Amino acid sequence: ADEVILKPQGAQLTVEYLEENSFSVPILVVKKDGLGMTLPPASFTVNDVEYYVGGEKEIDVIDVVRQADLKMKLKDFVKYYNSPKREKVLNVISLEFSETRLSNLVETPKIVRKLSWVENLWPEQSVFERPNVQKYCLMGVKDSYTDFHIDFGGTSVWYHVLKGEKIFYLIQPTKTNLALFECWSSSSNQNEMFFGDQVDKCYRCPVKQGQTLFIPTGWIHAVLTPVECLAFGGNFLHSLNIAMQL
């Protein structure tokens, strides 16, 4: 992905920087210094996640081989994660923790807080409930895989790998690629086809421990977890790519 992504330092990643360079390609920040982000230490584990979120919380879990959703209590997933023999590959990518005690340990990157519509524009008195999509905890065992998708609602996304590594497969949202993606998404045998083979360029972007990736609106991506991994992330809408968001 080196030929397409931007690699600024944390302190360089400002609204002005994005207005100048446009937020239309993924951005990889190698060191978190200057991002204005707060995170637990790298020694933080899934057991700590359970402690701060509560073991009784029901969470969505993906059975990777079947790419199917199931529900589990967090304590049962943690038990599975810690067990030496795992029968299945289970992956957690949608544990939103804004309303839990874990939220106190995580502050999203400053650039996200500056750009986010929900953060800046959601009315105090609204009949609509404020969407909580800012803070996700991702817990993946080795070989977890999330097939190609576009993040919901045209949101952009940030990911920080606290422990382990994630490999992103990134595809630019050109008209052609989006048409191919629509076709692949609605095909009955999509799980037999690697979507990356159908486009002219699919970029591979490893995100290692301590690194942060920002993926802009509309980018089609898949994620492989090559080693046990604990990561944080969140979604946001902003004013730099309204047309694509719509």
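Source: prediction; values computed, not measured. (Residues numbered from 1 in each chain as written. Predicted model: local features only at pLDDT ≥ 70, side-chain atom pairs only at ≥ 80, totals over all residues. Heavy atoms only, no water.)

Colleague: Tell me what's going on with the packing of aromatic side chains, and back it up with residues and numbers.
Modeller: Counting across every chain of the model gives 14 aromatic pairs. Pairwise contacts between aromatic rings join Phe148, Tyr169, Phe181, Trp184, Phe194 and Phe195 into one cluster. Residue placement shows arginine 86 over the ring face of tyrosine 81; its charged tip is 5.5 Å from the ring centre. Here arginine 101 stacks its cationic end above the ring of tyrosine 51, 4.7 Å away from the centre of that ring. (Phe/Tyr/Trp six-rings, centres within 6.5 Å; stacked < 30°, edge-to-face > 60°. Lys NZ or Arg CZ within 6 Å of the ring centre and 35° of its normal.)

Colleague: Now, about the sheet that holds strand β10 (residues 212-215): what can you tell me, with residues and values included?
Modeller: In space, the eight strands of this open sheet follow the order β1-β10-β7-β12-β5-β4-β2-β3, with antiparallel pairing throughout. Unpaired on one side and paired on the other, β1 (27-29) and β3 (68-73) mark the two borders of the sheet. Within the sheet, the average angular offset between the axes of one strand and its neighbour, ignoring direction, is 25°. Taken together, the four bridges between strand β4 (residues 90-96) and strand β5 (residues 136-140) define a ladder with antiparallel strand orientation. By the bridge assignment, leucine 95 is partnered in β5 with cysteine 137. (Pairing = 2+ DSSP bridges. Helix = DSSP H or I, 4+ residues; strand = E, 2+ residues; numbered from the N terminus. Axes fitted to C-alpha atoms, helices over the stretch in contact; angles between N-to-C directions.)

Colleague: Before we move on, can you summarise the pattern of salt bridges with the specific residues and values?
Modeller: Applying the stated criterion across every chain, the model contains ten salt bridges. Note that lysine 73 and glutamate 56 form a salt bridge whose closest N and O atoms lie 2.7 Å from each other. Here lysine 73, found in strand β3, pairs with glutamate 56, found in the loop between α2 (46-53) and β2 (58-63); they are 17 residues apart in sequence, far enough to count as distant. In this structure, aspartate 60 engages lysine 71 in a salt bridge whose closest nitrogen and oxygen atoms are separated by 2.4 Å. Highlighted residues: aspartate 60 in strand β2 and lysine 71 in strand β3, separated in sequence by eleven residues. Aspartate 60 gets classed as partly exposed once you look at its relative accessible area, which sits at 32%. Salt bridges here are not isolated pairs; linked through shared partners, they connect Glu56, Lys73 and Lys75. (Salt bridge = Lys/Arg side-chain N within 4 Å of Asp/Glu carboxyl O. Buried < 20%, exposed > 50% of the residue type's maximum accessible area, 1.4 Å probe, protein only.)

Colleague: Describe unusual backbone geometry, and please don't skip the residues or the numbers.
Modeller: Even without being glycine, serine 22 reaches a positive phi, approximately 65°. Mapped onto the elements of the fold, serine 22 is located in the loop between α1 (15-21) and β1. Residue serine 22 is classed as partly exposed on the basis of its relative accessible area of 31%. At glutamine 67, a position not held by glycine, the phi torsion is positive, near 50°. Residue class for glutamine 67 comes out partly exposed when judged on its relative accessible area of 36%.

The quantities given are spatial measurements derived from coordinates; they are silent on function.
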